[in-house]
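An overview of the molecular structure
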Amino acid sequence: MLDKLQELKTRLAEISDLGSAAALLGWDQETYMPPGGAKARSEQLATLRRLAHELFVSDEIGRLLEDLSGPAADLDPDSDDARLIRVTARDYAKACKLPPKLVAELARTTSAAVPVWAKARQESDFALFAPHLEQIVGLLIQKAEALGYQDRLYDALLDEYEPDMTAVQVEAVFTELKAEIVPLLRAITANLDAVDDAVLHRDFDEGKQWELGIEVLKLIGFDFEHGRQDKSTHPFTTAFSPTDVRLTTRIDRTFLAQGLFGTLHEGGHALYDQGISLALDRTPLCEGASLGIHESQSRMWENLVGRSRAFWRFFFPRLRAAFPDQLADADAETLYRAVNKVRPSLIRVEADEVTYNLHIMLRFELENDILEGRVGIAEVPAAWNAKMETYLGLVPPDDAQGALQDIHWAWGLMGYFPTYSLGNLISAQFFDQARADLPDLEAQIEAGEFAPLLSWLREHIHRHGRKFTPAELVERVTGRPLDAAPFVRYVKNKYGELYGLS
Ligand code: ZN
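The structure reproduced in this document is the subject of the present report. (Residues numbered from 1 in each chain as written. Predicted model: local features only at pLDDT ≥ 70, side-chain atom pairs only at ≥ 80, totals over all residues. Heavy atoms only, no water.)

1. Details of the coordination of the zinc ion
Metal coordination angles have textbook ideals: 109.5 degrees for a tetrahedral set of four donors and 90 or 180 degrees for an octahedral set of six. Listed as protein donors to the zinc ion are H265 (NE2), H269 (NE2) and E295 (OE); their distances from the metal cover 2.1 to 2.3 Å. In terms of primary sequence, the donors binding the zinc ion are separated according to H-x3-H-x25-E. Here the residue H265 occupies a position in helix 10 (residues 256-275), and E295 occupies one in helix 11 (residues 291-305), the gap between them amounting to 30 residues. Of the two residues, H265 and E295, both sit in the buried class. (Donors = N, O, S within 2.8 Å, 3.2 Å for Na, K, Ca; no water. Helix = DSSP H or I, 4+ residues; strand = E, 2+ residues; numbered from the N terminus. Buried < 20%, exposed > 50% of the residue type's maximum accessible area, 1.4 Å probe, protein only.)

Okay, structure coming up:
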């Protein structure tokens, strides 16, 4: 058995190297590549991805997994080796179910759709994008049928990003969440002026903001020996190994929150990637447990830590040292309130903690309606706008600010959006547990000591990589299944106080 396991690991390591090389090319494309390199780069990426896929779905990998399936039963079920065999077998079964022709057609269709989507959004003309979306949805339905599902088409697509989660489970937590958030938002909306964020919209030198971002990353424990930060139009984090993790940010001279919270958000993703056990490097386990779990880490540092009063008591003097003139009339409480301003808005990526999940619920419901044929492609904008009015009390004036705002569908990503909200919910559930295990957590944050929280995250979450499914991990860490209640409690307490509701 040991020989076969070693052979499997050797093959997986080579596939992982190809994946990392592709990721590095992808990182370069978004940061330093000159515009003229785009065509050559897309060919290089396609070649690397094809080679990695072919090596993975090979008969040799299939035979090794089959030979190992019996002996694996004797291993400790939670050991790295047992989990590696289990997760790889799951990935392999899924990868073999997808006909190469369908994969190629999806790649072709989506790469043709992206520039059309960009033009449609620019001109706010949904009809331009509609035929492409129609094609993509058709292919996604074929993909879901090929992968297989128990109840709903959606389950097969969601499983790509959130293993073992079903649409029915998402619906249950969203229903609970909606029942609490919609009335909370209504109460806040009646009192919107209680919080003022004008202080964030002054003139903040970009170079100083950049230095501040680096300082914040060092403070929360990001290791610059094993990673770096650069600039890109859309912030993201990518890892080639736990020993080389790259994040990016963008800075707006007239809006302080963009760079600072972007850095904290991506920093949370990056800490997760740096914290995965090196024993899992160059295997399929060297990734986050799911997109939802990954997002729980970014949201925790961005919101539970970065938008807390304790953080601002610590951080405000440092911020004012960088911007003494801009912040002469402000104090820690001014900043704490400003960064927690609630503002129902049309655009998801600009949404605050209270309204964000409503944007996601809208997409989740609409995607299900589209896949199951209840909403035709031509009816998407109207269905979108009706839900916006119900949940946020706003109607988009045009489709650019409505159904055309996100790139995800053009990329062929349906079933992806719920992971953002799951991340919000899980972050609150994990943070409750961290607080129970670290009774001084708030005082530590107020003193600028983030190491205890990071050690806790490393021990309970980061080091395991993809060994456990998201449901297993949530249960292991908190002793309970996924639950919307901690998040609901958190927003109700925090925003109730900020907006004088209780
Ligand atoms: Zn994120």
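2. Focus: the environment of Q258
Here Q258 is to be found in helix 10. Spatially, the C-alpha atoms of Q258 and E350 are 9.5 Å apart, while their sequence positions differ by 92 residues. For Q258, the residues in contact, after removing those within four places along its chain, are R250, I251 and D252. (Contact = heavy atoms within 4.5 Å.)

3. Focus on the side chain of K467
The residue K467 is located in the loop between helix 18 (451-460) and helix 19 (470-478) in this model. For K467, the side chain forms a polar contact with the main-chain oxygen of D78, separated by 2.9 Å. Ignoring anything within four residues of it in the chain, the contact list for K467 reads D78, S79, D80, R83, V87, L280, L285 and E472. (Polar contact = N/O pair within 3.5 Å; in protein donor to acceptor, adjacent residues only side chain to side chain.)

4. Points about the packing of helix 3 (residues 59-72) against helix 4 (residues 80-97)
Remark: helix 3 packs on helix 4, axes separated minimally by 10 Å, with the N-to-C direction vectors making an angle of 140°. As the angle between them shows, helix 3 and helix 4 are arranged oblique. Here helix 3 runs over helix 4; the crossing is left-handed. Taking contact as the criterion, the partners of I61, G62, L65, L68 and A72 in helix 3 are, on helix 4, I85, T88, A89 and Y92. Class assignment for the residues of the contact of helix 3 with helix 4 results in seven nonpolar, two polar and no charged. (Axes fitted to C-alpha atoms, helices over the stretch in contact; angles between N-to-C directions. Parallel < 35°, antiparallel > 145°, perpendicular 65-115°, else oblique. Left-handed = near helix turned anticlockwise from the far one by under 90°. Nonpolar A, V, L, I, M, F, W, Y, C, P; charged D, E, K, R; others polar.)

5. Describing the packing of aromatic side chains
Under the criterion given, the structure shown has 19 aromatic pairs. With centroids separated by 5.4 Å and ring planes inclined at 80°, the aromatic side chains of F174 and F364 adopt a geometry described as edge-to-face. Highlighted residues: F174 in helix 8 (residues 167-189) and F364 in helix 14 (residues 356-371), separated in sequence by 190 residues. Since its relative accessible area comes to 4%, F174 is described here as buried. Under the relative-accessibility criterion, F364 is labelled buried at 2%. Look at F314 and F450: their rings are 5.8 Å apart centre to centre, the planes differ by 75°, and that puts the pair in the edge-to-face class. Here F450 lies in the loop between helix 17 (441-446) and helix 18 and F314 lies in helix 12 (residues 309-322), a separation of 136 residues in the sequence. (Phe/Tyr/Trp six-rings, centres within 6.5 Å; stacked < 30°, edge-to-face > 60°.)

6. Thoughts on the pattern of salt bridges
Under the defined criterion, the tally for this structure stands at 45 salt bridges. Across the pair R476 and D78 runs a salt bridge whose closest N-O atoms are separated by 3.3 Å. Separated by 398 residues along the polypeptide, R476 in helix 19 and D78 in the loop between helix 3 and helix 4 bring together distant segments of the chain. The exposure class assigned to R476 is partly exposed, which follows from its relative accessible area of 46%. Linking K119 and E123 is a salt bridge whose minimum nitrogen-to-oxygen distance equals 3.7 Å. Of the two residues, K119 and E123 both sit in helix 5 (residues 100-123), four residues apart, roughly one turn of that helix. (Salt bridge = Lys/Arg side-chain N within 4 Å of Asp/Glu carboxyl O.)

7. Here we look at the environment of K143
With respect to the helices, strands and loops of the structure, K143 is situated in helix 6 (residues 126-147). On the basis of relative accessibility, which here comes to 11%, the residue K143 falls in the buried class. Here the alpha-carbon distance between K143 and L106, two residues 37 residues apart in the chain, equals 9.1 Å. Discounting chain neighbours no more than four positions away, the residues touching K143 are L98, L102, L106, L157 and E160.

8. Quick look at unusual backbone geometry
For S124, which is not glycine, the phi dihedral falls at a positive 50°. In this fold, S124 is placed in the loop between helix 5 and helix 6. Positive phi outside glycine occurs at R282, with the angle close to 65°. With respect to the helices and strands, R282 occurs in the loop between helix 10 and helix 11. According to the relative accessible area criterion, R282 is partly exposed, its value standing at 39%.

9. Describing the pairing of strand 2 (residues 237-241)
With respect to burial, strand 2 is a largely interior element, four of its five residues being buried. Taken together, the four bridges between strand 2 and strand 3 (residues 244-249) define a ladder with antiparallel strand orientation. Of the residues in strand 3, the one forming a bridge with T237 is L247. Hairpin connection between strand 2 and strand 3: a loop of two residues separates the two successive antiparallel strands. (Pairing = 2+ DSSP bridges.)

10. A word on the environment of D155
Structurally, D155 is set in helix 7 (residues 153-158). Owing to a relative accessible area of 9%, D155 belongs among the buried residues under this scheme. Once the C-alpha coordinates of D155 and M165 are considered, the two residues, 10 residues apart in sequence, prove to be 7.2 Å apart. Ignoring anything within four residues of it in the chain, the contact list for D155 reads Y149, M165, T166 and A167.

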